[in-house]
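Residue-level listing of the chains:
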Amino acid sequence: MLGKYIPEALIASRFLRANETAVVSSNERRLLQLIWRNPGISRSEITAHIDLTQQSVHRILDHLAARNIIRLGSARPGLGRGQPSPMLHLNGAHAYACGISVNTDIIGICLIDLAGAILGEREVPLRETTMEQALQLVKQQVIDLQRQNSLAEDDLFGVGFAIAGYHVDGTRHNAPLPLHEWSMIELGPIITDLFDRPAWVINGGKSGAIAESMFGIGRFIRHFAYLSFNYGFGGGVIIDGELLQGGRGNAGEFSGLYDEVETDRRPALQHLIDRINRNGVHVPSIHFMRRHFDRDWPGVSDWVEDVTPAYIRLVNAIRATLDPQAIVFGGEIPAQLALMLIERTKIFDRPRYGAHRGGPKLIVSEIPSDAAAMGAAILPFRRMFY
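Definitions and limits used
Residues numbered from 1 in each chain as written. Predicted model: local features only at pLDDT ≥ 70, side-chain atom pairs only at ≥ 80, totals over all residues. Heavy atoms only, no water. Buried < 20%, exposed > 50% of the residue type's maximum accessible area, 1.4 Å probe, protein only. Helix = DSSP H or I, 4+ residues; strand = E, 2+ residues; numbered from the N terminus. Contact = heavy atoms within 4.5 Å. Axes fitted to C-alpha atoms, helices over the stretch in contact; angles between N-to-C directions. Left-handed = near helix turned anticlockwise from the far one by under 90°. Nonpolar A, V, L, I, M, F, W, Y, C, P; charged D, E, K, R; others polar. 1 Å grid on protein atoms, 1.4 Å probe; cavity = no way out; pocket = protein on both sides within 12 Å on 5 of 7 lines; lining within 4 Å. Points joined across faces, edges and corners; volume = space filled by probe spheres on them.

Burial analysis of helix α7 (residues 269-278) places 7 of its 10 residues in the buried class, the great majority of the element. For α7, the set of buried residues is L269, Q270, H271, L272, I273, R275 and I276. Packing partners of the buried residues in α7 comprise β10 (224-229), α8 (286-292), α9 (300-322) and α10 (335-343). In the stretch just after α7, G280 is the one whose phi turns positive, near 95 degrees.

Quick look at the structure:
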(Lines give C-alpha, C1' and ligand atoms only; values in the text may rest on other atoms or scores of the structure.)
Protein backbone atom coordinates (compact mmCIF):
# COMPACT_ATOMS: atom_id res chain seq x y z
CA MET A 1 0.00 0.00 0.00
CA LEU A 2 1.38 3.39 -1.05
CA GLY A 3 0.74 6.67 0.72
CA LYS A 4 -1.02 7.27 4.01
CA TYR A 5 -2.97 4.33 5.39
CA ILE A 6 -6.67 5.25 5.64
CA PRO A 7 -8.87 2.40 6.94
CA GLU A 8 -12.09 4.24 6.06
CA ALA A 9 -11.21 3.95 2.38
CA LEU A 10 -11.13 0.13 2.66
CA ILE A 11 -14.64 -0.42 4.06
CA ALA A 12 -16.65 -2.88 1.98
CA SER A 13 -19.27 -1.17 -0.21
CA ARG A 14 -22.10 -3.25 1.28
CA PHE A 15 -21.70 -1.32 4.56
CA LEU A 16 -21.80 2.14 2.93
CA ARG A 17 -24.74 4.43 2.29
CA ALA A 18 -25.98 4.23 -1.29
CA ASN A 19 -23.65 6.09 -3.65
CA GLU A 20 -21.64 7.49 -0.73
CA THR A 21 -18.35 6.82 1.04
CA ALA A 22 -19.89 7.15 4.53
CA VAL A 23 -21.35 4.32 6.60
CA VAL A 24 -23.93 6.54 8.29
CA SER A 25 -24.86 10.22 8.19
CA SER A 26 -24.27 12.56 11.12
CA ASN A 27 -27.94 12.40 12.16
CA GLU A 28 -27.98 8.62 11.81
CA ARG A 29 -24.91 8.46 14.05
CA ARG A 30 -26.65 10.57 16.69
CA LEU A 31 -29.64 8.24 16.72
CA LEU A 32 -27.45 5.13 16.83
CA GLN A 33 -25.53 6.58 19.79
CA LEU A 34 -28.83 7.19 21.56
CA ILE A 35 -30.02 3.64 20.91
CA TRP A 36 -26.66 2.25 22.12
CA ARG A 37 -26.98 4.11 25.41
CA ASN A 38 -30.68 3.25 25.76
CA PRO A 39 -31.38 -0.19 24.24
CA GLY A 40 -35.11 -0.71 23.94
CA ILE A 41 -35.91 3.00 23.82
CA SER A 42 -39.21 3.54 21.99
CA ARG A 43 -39.44 5.50 18.78
CA SER A 44 -41.80 8.01 20.38
CA GLU A 45 -39.24 8.73 23.14
CA ILE A 46 -36.46 9.64 20.70
CA THR A 47 -37.62 13.19 19.96
CA ALA A 48 -37.32 14.16 23.63
CA HIS A 49 -33.56 13.50 23.46
CA ILE A 50 -32.62 14.99 20.09
CA ASP A 51 -33.30 18.22 18.18
CA LEU A 52 -34.99 16.60 15.19
CA THR A 53 -38.64 16.64 14.21
CA GLN A 54 -40.72 13.53 14.67
CA GLN A 55 -41.04 13.18 10.90
CA SER A 56 -37.25 13.33 10.47
CA VAL A 57 -36.70 10.79 13.26
CA HIS A 58 -39.20 8.35 11.70
CA ARG A 59 -37.65 8.76 8.26
CA ILE A 60 -34.09 8.17 9.53
CA LEU A 61 -35.10 5.17 11.65
CA ASP A 62 -37.00 3.62 8.76
CA HIS A 63 -33.92 4.01 6.58
CA LEU A 64 -31.67 2.41 9.23
CA ALA A 65 -34.16 -0.44 9.61
CA ALA A 66 -34.27 -0.96 5.83
CA ARG A 67 -30.47 -1.32 5.88
CA ASN A 68 -30.79 -3.82 8.80
CA ILE A 69 -28.66 -1.62 11.07
CA ILE A 70 -31.45 -1.42 13.66
CA ARG A 71 -34.40 -3.61 14.59
CA LEU A 72 -37.88 -2.27 15.26
CA GLY A 73 -39.02 -4.43 18.16
CA SER A 74 -42.40 -5.04 19.69
CA ALA A 75 -44.47 -2.04 20.72
CA ARG A 76 -44.16 -0.58 24.17
CA PRO A 77 -47.59 0.26 25.56
CA GLY A 78 -48.46 2.90 28.14
CA LEU A 79 -46.52 5.89 26.74
CA GLY A 80 -49.51 8.12 26.14
CA ARG A 81 -52.14 8.46 23.47
CA GLY A 82 -51.95 7.01 20.00
CA GLN A 83 -50.49 3.82 18.68
CA PRO A 84 -47.94 2.01 20.86
CA SER A 85 -44.44 2.82 19.69
CA PRO A 86 -41.91 0.13 18.67
CA MET A 87 -38.80 -0.37 20.77
CA LEU A 88 -35.46 0.15 19.05
CA HIS A 89 -32.39 -2.06 19.16
CA LEU A 90 -29.13 -2.20 17.26
CA ASN A 91 -29.08 -5.21 14.96
CA GLY A 92 -26.11 -7.33 15.96
CA ALA A 93 -26.55 -9.53 12.89
CA HIS A 94 -25.72 -6.61 10.60
CA ALA A 95 -21.97 -6.86 11.24
CA TYR A 96 -19.29 -7.97 13.66
CA ALA A 97 -15.75 -6.80 14.29
CA CYS A 98 -12.55 -8.37 15.57
CA GLY A 99 -10.43 -6.89 18.34
CA ILE A 100 -6.78 -7.79 18.88
CA SER A 101 -4.76 -6.61 21.88
CA VAL A 102 -1.00 -7.16 21.91
CA ASN A 103 0.58 -7.17 25.36
CA THR A 104 4.11 -8.22 26.24
CA ASP A 105 3.25 -11.83 27.04
CA ILE A 106 -0.11 -12.54 25.43
CA ILE A 107 -2.41 -11.46 22.62
CA GLY A 108 -6.08 -11.10 23.43
CA ILE A 109 -8.74 -11.67 20.77
CA CYS A 110 -12.38 -10.62 20.92
CA LEU A 111 -15.25 -10.74 18.44
CA ILE A 112 -18.15 -8.32 19.04
CA ASP A 113 -21.29 -7.71 17.01
CA LEU A 114 -22.78 -4.32 16.18
CA ALA A 115 -25.09 -4.45 19.21
CA GLY A 116 -22.14 -5.01 21.56
CA ALA A 117 -22.63 -8.73 22.22
CA ILE A 118 -19.36 -10.58 22.76
CA LEU A 119 -19.31 -13.51 20.33
CA GLY A 120 -16.08 -15.08 21.51
CA GLU A 121 -12.73 -14.49 23.16
CA ARG A 122 -9.36 -16.21 22.80
CA GLU A 123 -5.75 -15.79 23.85
CA VAL A 124 -2.50 -16.47 22.03
CA PRO A 125 0.76 -16.74 24.01
CA LEU A 126 3.40 -14.40 22.69
CA ARG A 127 6.58 -15.69 24.30
CA GLU A 128 9.12 -17.35 22.01
CA THR A 129 7.20 -16.42 18.84
CA THR A 130 7.97 -14.00 16.05
CA MET A 131 5.44 -11.37 15.02
CA GLU A 132 4.61 -13.33 11.87
CA GLN A 133 4.08 -16.56 13.80
CA ALA A 134 1.92 -14.80 16.41
CA LEU A 135 -0.28 -13.17 13.77
CA GLN A 136 -0.83 -16.48 12.00
CA LEU A 137 -1.90 -18.01 15.32
CA VAL A 138 -4.27 -15.09 15.83
CA LYS A 139 -5.73 -15.60 12.35
CA GLN A 140 -6.38 -19.27 13.08
CA GLN A 141 -8.13 -18.44 16.35
CA VAL A 142 -10.34 -15.89 14.59
CA ILE A 143 -11.24 -18.44 11.90
CA ASP A 144 -12.12 -20.94 14.62
CA LEU A 145 -14.35 -18.40 16.39
CA GLN A 146 -16.06 -17.57 13.11
CA ARG A 147 -16.72 -21.27 12.53
CA GLN A 148 -18.00 -21.84 16.06
CA ASN A 149 -20.45 -18.95 15.79
CA SER A 150 -21.44 -19.60 12.15
CA LEU A 151 -20.28 -16.09 11.23
CA ALA A 152 -20.17 -15.16 7.57
CA GLU A 153 -16.86 -13.76 6.36
CA ASP A 154 -18.70 -10.98 4.50
CA ASP A 155 -20.19 -9.71 7.77
CA LEU A 156 -16.77 -8.94 9.24
CA PHE A 157 -16.74 -5.13 9.19
CA GLY A 158 -13.18 -4.50 10.29
CA VAL A 159 -10.43 -5.06 12.84
CA GLY A 160 -9.43 -3.00 15.85
CA PHE A 161 -5.79 -3.48 16.84
CA ALA A 162 -4.45 -2.33 20.21
CA ILE A 163 -0.81 -2.43 21.21
CA ALA A 164 1.11 -1.43 24.33
CA GLY A 165 3.21 1.64 23.59
CA TYR A 166 2.77 5.28 22.70
CA HIS A 167 1.65 6.61 19.33
CA VAL A 168 4.31 7.89 16.95
CA ASP A 169 2.47 8.65 13.72
CA GLY A 170 0.11 6.94 11.30
CA THR A 171 -0.35 3.41 12.64
CA ARG A 172 3.13 3.26 14.20
CA HIS A 173 3.61 2.85 17.95
CA ASN A 174 6.70 2.67 20.14
CA ALA A 175 6.18 -0.45 22.23
CA PRO A 176 8.11 -1.86 25.24
CA LEU A 177 11.28 -3.85 24.62
CA PRO A 178 9.58 -7.29 24.61
CA LEU A 179 7.57 -6.00 21.61
CA HIS A 180 10.50 -4.48 19.73
CA GLU A 181 9.56 -6.33 16.53
CA TRP A 182 6.14 -4.67 16.60
CA SER A 183 7.54 -1.18 17.18
CA MET A 184 8.00 1.71 14.75
CA ILE A 185 6.30 -0.03 11.82
CA GLU A 186 3.00 0.65 10.07
CA LEU A 187 0.73 -1.92 11.66
CA GLY A 188 -2.45 -0.99 9.79
CA PRO A 189 -1.41 -2.40 6.39
CA ILE A 190 -0.07 -5.58 8.04
CA ILE A 191 -3.41 -6.30 9.72
CA THR A 192 -5.34 -5.41 6.57
CA ASP A 193 -3.22 -7.85 4.55
CA LEU A 194 -3.88 -10.54 7.16
CA PHE A 195 -7.66 -10.17 7.33
CA ASP A 196 -8.49 -8.33 4.07
CA ARG A 197 -10.36 -5.77 6.16
CA PRO A 198 -9.72 -2.19 7.30
CA ALA A 199 -7.80 -1.96 10.55
CA TRP A 200 -7.97 0.79 13.15
CA VAL A 201 -4.83 0.87 15.32
CA ILE A 202 -4.77 2.33 18.82
CA ASN A 203 -2.73 2.34 22.01
CA GLY A 204 -3.73 -0.39 24.49
CA GLY A 205 -4.46 2.02 27.34
CA LYS A 206 -6.83 4.03 25.17
CA SER A 207 -8.48 0.84 23.96
CA GLY A 208 -9.11 -0.18 27.57
CA ALA A 209 -10.60 3.27 28.21
CA ILE A 210 -12.96 2.77 25.26
CA ALA A 211 -14.07 -0.59 26.66
CA GLU A 212 -14.69 1.02 30.03
CA SER A 213 -16.65 3.79 28.34
CA MET A 214 -18.84 1.43 26.33
CA PHE A 215 -19.26 -1.52 28.71
CA GLY A 216 -18.17 -0.37 32.18
CA ILE A 217 -18.62 2.74 34.28
CA GLY A 218 -18.98 4.84 31.14
CA ARG A 219 -22.61 3.74 31.04
CA PHE A 220 -23.15 5.94 34.09
CA ILE A 221 -20.17 8.33 34.25
CA ARG A 222 -19.27 10.61 31.34
CA HIS A 223 -15.93 11.99 32.57
CA PHE A 224 -13.21 9.66 33.84
CA ALA A 225 -9.52 8.83 33.66
CA TYR A 226 -8.54 5.23 32.99
CA LEU A 227 -5.32 3.87 34.50
CA SER A 228 -3.96 0.96 32.49
CA PHE A 229 -1.63 -1.18 34.62
CA ASN A 230 0.29 -3.52 32.32
CA TYR A 231 3.93 -4.42 31.72
CA GLY A 232 4.29 -0.65 31.58
CA PHE A 233 1.84 1.97 32.75
CA GLY A 234 -0.43 4.21 30.71
CA GLY A 235 -4.08 4.94 30.30
CA GLY A 236 -6.72 7.03 28.59
CA VAL A 237 -9.10 9.89 29.26
CA ILE A 238 -12.82 10.00 28.53
CA ILE A 239 -14.41 13.47 28.44
CA ASP A 240 -18.18 13.73 27.97
CA GLY A 241 -18.19 10.13 26.77
CA GLU A 242 -15.53 10.67 24.10
CA LEU A 243 -11.91 9.53 24.04
CA LEU A 244 -9.48 12.42 24.42
CA GLN A 245 -6.76 12.01 21.79
CA GLY A 246 -4.52 15.00 22.43
CA GLY A 247 -2.40 16.85 19.91
CA ARG A 248 -0.24 13.81 19.03
CA GLY A 249 -2.59 11.01 19.97
CA ASN A 250 -1.01 10.41 23.36
CA ALA A 251 -3.42 11.94 25.88
CA GLY A 252 -3.44 9.64 28.91
CA GLU A 253 0.19 8.49 28.60
CA PHE A 254 0.56 8.95 32.35
CA SER A 255 4.07 7.48 32.53
CA GLY A 256 5.28 10.69 30.93
CA LEU A 257 4.89 12.34 34.34
CA TYR A 258 8.04 10.62 35.63
CA ASP A 259 11.73 11.23 34.93
CA GLU A 260 14.46 8.61 34.40
CA VAL A 261 14.82 7.97 38.13
CA GLU A 262 11.14 7.91 39.02
CA THR A 263 10.17 5.74 36.08
CA ASP A 264 11.27 2.62 37.98
CA ARG A 265 8.97 3.64 40.84
CA ARG A 266 5.86 4.18 38.76
CA PRO A 267 3.18 1.48 39.15
CA ALA A 268 4.25 -0.66 36.18
CA LEU A 269 3.61 -4.34 36.77
CA GLN A 270 6.91 -5.47 35.24
CA HIS A 271 8.69 -4.23 38.37
CA LEU A 272 6.23 -5.99 40.68
CA ILE A 273 6.75 -9.32 38.91
CA ASP A 274 10.52 -8.93 39.19
CA ARG A 275 10.20 -8.25 42.91
CA ILE A 276 7.89 -11.20 43.55
CA ASN A 277 10.18 -13.57 41.66
CA ARG A 278 13.22 -12.33 43.59
CA ASN A 279 11.34 -13.20 46.78
CA GLY A 280 10.96 -16.83 45.76
CA VAL A 281 7.43 -16.92 44.26
CA HIS A 282 7.40 -18.04 40.63
CA VAL A 283 5.19 -15.67 38.63
CA PRO A 284 5.95 -16.25 34.95
CA SER A 285 3.82 -13.46 33.49
CA ILE A 286 1.46 -10.59 34.22
CA HIS A 287 -1.34 -12.73 32.82
CA PHE A 288 -0.53 -15.43 35.41
CA MET A 289 -0.32 -12.87 38.20
CA ARG A 290 -3.74 -11.43 37.38
CA ARG A 291 -5.33 -14.87 37.65
CA HIS A 292 -3.53 -16.06 40.77
CA PHE A 293 -2.67 -12.88 42.67
CA ASP A 294 -2.19 -13.07 46.43
CA ARG A 295 -1.66 -9.81 48.30
CA ASP A 296 0.37 -11.75 50.88
CA TRP A 297 3.04 -12.82 48.40
CA PRO A 298 6.45 -11.62 49.66
CA GLY A 299 7.45 -8.43 47.93
CA VAL A 300 3.95 -7.17 47.15
CA SER A 301 3.57 -4.84 50.14
CA ASP A 302 7.09 -3.48 49.68
CA TRP A 303 6.41 -2.72 46.01
CA VAL A 304 3.14 -0.98 46.85
CA GLU A 305 4.91 1.19 49.44
CA ASP A 306 7.65 2.06 46.93
CA VAL A 307 5.24 3.18 44.17
CA THR A 308 2.76 4.94 46.46
CA PRO A 309 4.41 8.41 46.31
CA ALA A 310 4.48 8.39 42.49
CA TYR A 311 0.96 6.99 42.38
CA ILE A 312 -0.41 9.65 44.77
CA ARG A 313 1.18 12.44 42.75
CA LEU A 314 -0.42 11.04 39.59
CA VAL A 315 -3.89 10.87 41.13
CA ASN A 316 -3.61 14.47 42.28
CA ALA A 317 -2.27 15.60 38.91
CA ILE A 318 -5.27 13.99 37.21
CA ARG A 319 -7.64 15.58 39.71
CA ALA A 320 -6.11 19.02 39.27
CA THR A 321 -5.87 19.04 35.46
CA LEU A 322 -8.78 16.91 34.23
CA ASP A 323 -11.29 17.14 37.10
CA PRO A 324 -12.85 13.73 36.26
CA GLN A 325 -15.81 12.25 38.06
CA ALA A 326 -13.87 9.02 38.54
CA ILE A 327 -10.48 7.36 38.13
CA VAL A 328 -10.74 3.76 36.99
CA PHE A 329 -8.11 1.14 37.83
CA GLY A 330 -7.91 -1.09 34.77
CA GLY A 331 -5.56 -2.84 32.40
CA GLU A 332 -4.24 -6.09 33.85
CA ILE A 333 -4.11 -5.09 37.51
CA PRO A 334 -5.59 -7.65 39.94
CA ALA A 335 -8.53 -6.19 41.87
CA GLN A 336 -6.85 -6.85 45.24
CA LEU A 337 -3.75 -4.96 44.15
CA ALA A 338 -5.85 -2.03 42.94
CA LEU A 339 -7.53 -1.87 46.33
CA MET A 340 -4.13 -1.80 48.06
CA LEU A 341 -3.26 1.33 46.09
CA ILE A 342 -6.66 2.90 46.67
CA GLU A 343 -6.27 2.35 50.43
CA ARG A 344 -3.11 4.47 50.36
CA THR A 345 -4.53 7.33 48.32
CA LYS A 346 -4.04 10.82 49.72
CA ILE A 347 -5.76 13.77 48.09
CA PHE A 348 -3.99 17.11 48.30
CA ASP A 349 -6.85 19.26 49.54
CA ARG A 350 -6.57 22.73 51.02
CA PRO A 351 -10.07 23.78 52.09
CA ARG A 352 -10.94 27.44 51.79
CA TYR A 353 -13.52 28.99 54.11
CA GLY A 354 -14.19 25.48 55.34
CA ALA A 355 -15.21 24.26 51.89
CA HIS A 356 -13.47 21.28 50.26
CA ARG A 357 -13.00 20.83 46.52
CA GLY A 358 -14.54 17.58 45.40
CA GLY A 359 -12.40 14.74 44.09
CA PRO A 360 -12.93 11.76 41.81
CA LYS A 361 -14.30 8.41 42.88
CA LEU A 362 -11.65 5.67 42.75
CA ILE A 363 -13.18 2.64 41.05
CA VAL A 364 -11.76 -0.79 40.23
CA SER A 365 -12.80 -1.84 36.73
CA GLU A 366 -15.31 -4.67 36.70
CA ILE A 367 -14.58 -5.74 33.12
CA PRO A 368 -13.59 -9.37 33.73
CA SER A 369 -11.76 -10.13 30.50
CA ASP A 370 -9.21 -8.36 28.30
CA ALA A 371 -10.50 -4.78 28.28
CA ALA A 372 -8.05 -3.71 25.59
CA ALA A 373 -9.24 -6.48 23.25
CA MET A 374 -12.87 -5.55 23.93
CA GLY A 375 -12.13 -1.89 23.26
CA ALA A 376 -10.29 -2.80 20.07
CA ALA A 377 -13.25 -4.89 18.90
CA ILE A 378 -15.78 -2.11 19.41
CA LEU A 379 -13.43 0.55 17.96
CA PRO A 380 -14.42 0.09 14.28
CA PHE A 381 -18.10 0.49 15.17
CA ARG A 382 -17.43 3.44 17.44
CA ARG A 383 -15.48 5.17 14.67
CA MET A 384 -17.96 4.50 11.87
CA PHE A 385 -21.44 3.83 13.34
CA TYR A 386 -21.77 5.36 16.80
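On to the pairing of strand β9 (residues 199-203), then. Most of β9 sits out of view: 5 of its 5 residues are buried. The two faces of β9 match: A199, V201 and N203 on one face and W200 and I202 on the other face are all buried.

Quick look at the packing of α7 against α9 now. Contact geometry of α7 with α9 gives a least axis separation of 9 Å together with a crossing angle of 145 degrees. Helix-helix and strand crossings are classified by hand; for α7 and α9 the assignment is right-handed. Together, L269, H271, L272, R275 and I276 of α7 and V300, D302, W303 and D306 of α9 make up the contact between the two elements. Residues that form the contact of α7 with α9 fall into these classes: 5 nonpolar, 1 polar and 3 charged.

Taken as a whole, the largest pocket holds about 860 Å³ of empty space. As for the largest pocket, its lining consists of 50 residues, of which N103, A164, N230, Y231 and G232 are closest to the centre. Element by element, the count of residues in the lining of the largest pocket is highest for strand β4 (residues 106-113), at 4 residues. Residues belonging to the lining of the largest pocket are distributed by class as follows: 17 nonpolar, 22 polar and 11 charged. Volume-wise, the second largest pocket comes out at about 600 Å³. What lines the second largest pocket is a set of 25 residues, among which W36, R37, M214, R382 and Y386 lie closest to the centre. Looking at the lining of the second largest pocket, the elements that each hand over two or more residues are α1 (26-37), β2 (85-90), α6 (204-215), β12 (242-243) and α11 (371-384). Sorting elements by how many residues they give to the lining of the second largest pocket places α1 first, with 5 residues.

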